[in-house]
Amino acid sequence: MTRLIPKSRTARWNITRCYVATVALSAGMFLSLFAFPSPARAWGENAERLVAGKAVETLPPELRGFFEANRDFVGRHVSEPLALLAKSPLTERRNHFLYLDHYGKFPFDTLPHDYKAAVAKYSKSKLEASGVLPWQIGVFSQKLTADMRDHDWEEVRIDAAHLAAYVAQAHDPFHTTENFDGHLSGQTGVDSRFGENMTDRYSLFFPMRTNDAVFLRDPTEHAFDEAMSAHASLENILLADRRAREGLSDYTDEYFDRFYNLAGAILIRQLSDAASDVGSYWLTAWINAGRPQLPPQ
């Protein structure tokens, strides 16, 4: 009869060591998911739809008709990168943020903006742990350009929506910092309260002011600029959150009214700038593709 358990003490010890090592590795991977929490969920789906919809209004007539006809489509698909993040966090997570505070102090000039130079200086694993959002925006800008050059209008619609999501995230202050949800300052959940909850509560009253779309000479470099601009608002938002909570035991309607009065202008500005930039990225891809004639729908 075949023995299922080794007879010798050495063989039994080897199997025990392998089992213990496997259990330890699995436990370490499990615990790491909690030791390193997931980054903020950006603005939330409603805010990203708002940004994408407003971006259409920034476009010149040559592009406006196509994107107006596909406004609903883009709005439905702009949240897909968030869904992908939830489904595949280990592979997608790095594309949604840039922890600028991993690179010293403003203007964070220790970080090369050229990807190959950054990898040579810090290694690929270091970059991915700190986030690659501006480079992801550059990649999708190139993809959208190629789609337009190839007259692949179905891919244009999809990639325009996904590019809009990543551009919107570059304007979220909490996607530029290791304190992405306030856990380092004792304000856990401030990212959702700022971007998602306030948008859901007050967006019908937002006086959003967008600028006309413009050509971006370097889409990746522009993404770095916008991330640094967003990061500059971080301390004011955290201070507003603390002040809004004073004397309250929970995040009540009164808290959100206070928070909106203190930080609402920052939120509206960031979303407005995001919409202007999304339009600019769409326009830039079209110009770089040789200004092809877009179909009416």
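Starting from 1, residues in each chain are numbered consecutively following that chain's sequence as written. Confidence filtering applies because this is a predicted model: local features only for residues at pLDDT of at least 70, side-chain atom pairs given and counted only at 80 or more, and all residues used for totals across whole chains, interfaces and linings. Only hydrogens and water are removed before side-chain values are computed, so all heavy atoms of the structure are retained for them.

1. Observations regarding unusual backbone geometry
The peptide bond linking Phe106 to Pro107 adopts the cis configuration, its omega dihedral lying at 10°. The secondary structure listing takes helices from DSSP runs of H or I that are at least 4 residues long and strands from runs of E that are at least 2 residues long, numbered from the N terminus. Looking at the secondary structure, you find Pro107 in the loop between α6 (89-92) and α7 (115-122). Even without a glycine there, the phi angle at Ser123 is positive, about 85°. Note on exposure labels: buried denotes an accessible area under 20% of the residue type's maximum, exposed denotes more than 50%, and partly exposed covers the range between, all computed with a 1.4 Å probe on protein chains only. Look at Ser123 and you get partly exposed, because its relative accessible area is 30%. If you check the backbone angles, Arg291 has positive phi at about 55° while not being a glycine. Among the structural elements, Arg291 can be located in the segment after α14 (253-288).

2. Considerations on the pattern of salt bridges
Basic side-chain nitrogens of Lys or Arg form a salt bridge, by our definition, when they fall within 4 Å of a carboxyl oxygen of Asp or Glu. All chains considered together, the criterion is met by 11 salt bridges. Between Arg49 and Glu45 there is a salt bridge; the shortest N-O distance is 3.3 Å. Of this pair, Arg49 and Glu45 both sit in helix α2 (residues 45-56), separated by four residues, roughly a single helical turn. Of the residues examined, Arg49 reaches a relative accessible area of 34% and is grouped as partly exposed. By relative accessible area, Glu45 is classed as partly exposed at 34%. In this structure, Lys143 engages Asp159 in a salt bridge whose closest nitrogen and oxygen atoms are separated by 3.9 Å. Of the two residues, Lys143 is situated in helix α9 (residues 133-149) and Asp159 in helix α10 (residues 153-170); the sequence distance between them amounts to 16 residues. For Lys143, a relative accessible area of 36% translates into the label partly exposed. By relative accessible area, which is 3% here, Asp159 ends up buried. Here the residues in one salt-bridge network are Lys54, Glu57, Arg64, Glu68 and Arg71, joined through shared partners.

3. Some points on the side chain of His96
Here His96 lies in the loop between α6 and α7. Given the relative accessible area of 0%, His96 is considered buried. For this analysis, a polar contact is any N or O atom pair within 3.5 Å, provided that within protein one partner can donate a hydrogen and the other can accept it, and provided that sequence-adjacent residues contribute only side-chain to side-chain pairs. Here the side chain of His96 touches Glu92 through a polar contact of 2.6 Å, side chain to side chain.

4. Some points on the confidence of the model for the protein chain
The quantity known as pLDDT measures the predictor's confidence residue by residue, on a range of 0 to 100. Here the protein chain averages 88 in pLDDT, and 86% of its residues register 70 or above. Two residues form a contact once any of their heavy atoms are found within 4.5 Å. Confidence over residues 1-37 falls short of pLDDT 50; this stretch has eight contacts with residues more than four positions distant or in other chains.

5. What about the packing of aromatic side chains?
Aromatic rings from Phe, Tyr and Trp, with only the six-membered ring used for Trp, were paired whenever their centres fell within 6.5 Å, and each pair was classed as stacked if the ring planes differed by under 30 degrees, edge-to-face if by over 60, and tilted otherwise. According to the stated counting rule, one finds 18 aromatic pairs in the structure shown. Look at Tyr115 and Trp135: their rings are 5.3 Å apart centre to centre, the planes differ by 75°, and that puts the pair in the edge-to-face class. With a gap of 20 residues between them, Tyr115 in helix α7 and Trp135 in helix α9 connect regions that are remote in the sequence. What makes Trp135 buried here is its relative accessible area of 9%.

6. A word on the nonpolar core
Formed by 63 residues in total, the largest nonpolar core has its most connected members in Phe67, Ile137, Met148, Phe194, Met198, Phe259 and Trp282. Mapped onto this core, the elements with two or more residues apiece are α2, α3 (61-69), α9, α10, α11 (190-202), α13 (234-245) and α14. A per-element tally of this core places α14 first, with 17 residues. Ignoring anything within four residues of it in the chain, the contact list for Ile137 reads Leu163, Tyr166, Val167, Ala170, Ala223 and Tyr281. By convention a nonpolar core is built from buried Ala, Val, Leu, Ile, Met, Phe, Trp, Tyr and Cys residues, the set being connected through side-chain atoms within 4.5 Å. Residues Leu98, Ala118, Leu127 and Met228 belong to the second largest nonpolar core, which totals 12 residues.

7. Brief notes about the packing of α11 against α14
The description of two helices packed together rests on the angle between their axes and the distance between the axes. Lines fitted to C-alpha atoms define the axes here, with helix axes fitted over just the stretch in contact, and angles between the N-to-C directions of these axes take values from 0 to 180 degrees. At their nearest, the axes of α11 and α14 sit 9 Å apart, and the two run at 90° to each other. With respect to α14, the axis of α11 lies roughly perpendicular. Every residue of α14 that contacts α11 at Val190, Arg193, Phe194, Gly195, Asn197, Met198, Thr199, Arg201 and Tyr202 is listed here: Asp253, Tyr255, Phe256, Asp257, Phe259, Tyr260, Ala263, Gly264, Ile266, Leu267 and Leu271. Charged means Asp, Glu, Lys or Arg here, nonpolar means Ala, Val, Leu, Ile, Met, Phe, Trp, Tyr, Cys or Pro, and polar covers whatever is left, Gly included. Taken together, the residues that form the contact of α11 with α14 break down as 12 nonpolar, four polar and four charged. Angles are sorted into four bins: roughly parallel if under 35 degrees, roughly antiparallel if over 145, roughly perpendicular if 65 to 115, and oblique for all others.

8. Regarding helix α12 (residues 219-231)
Every α-helical turn comprises 3.6 residues, leaving residues that sit three or four positions apart pointing alike. Between the first and last C-alpha of α12 there are 18 Å, a value that for 13 residues agrees with the 18 Å anticipated at 1.5 Å per step. By the burial criterion, the buried members of α12 are Pro219, Thr220, His222, Ala223, Phe224, Glu226, Ala227, Met228, Ala230 and His231. The N-terminus of α12 is capped by Asp218, whose side-chain oxygen sits 3.2 Å from the backbone nitrogen of Thr220. Between the first and last residue of a helix there are one fewer steps than residues, each counted as 1.5 Å, and that sum is the expected span.

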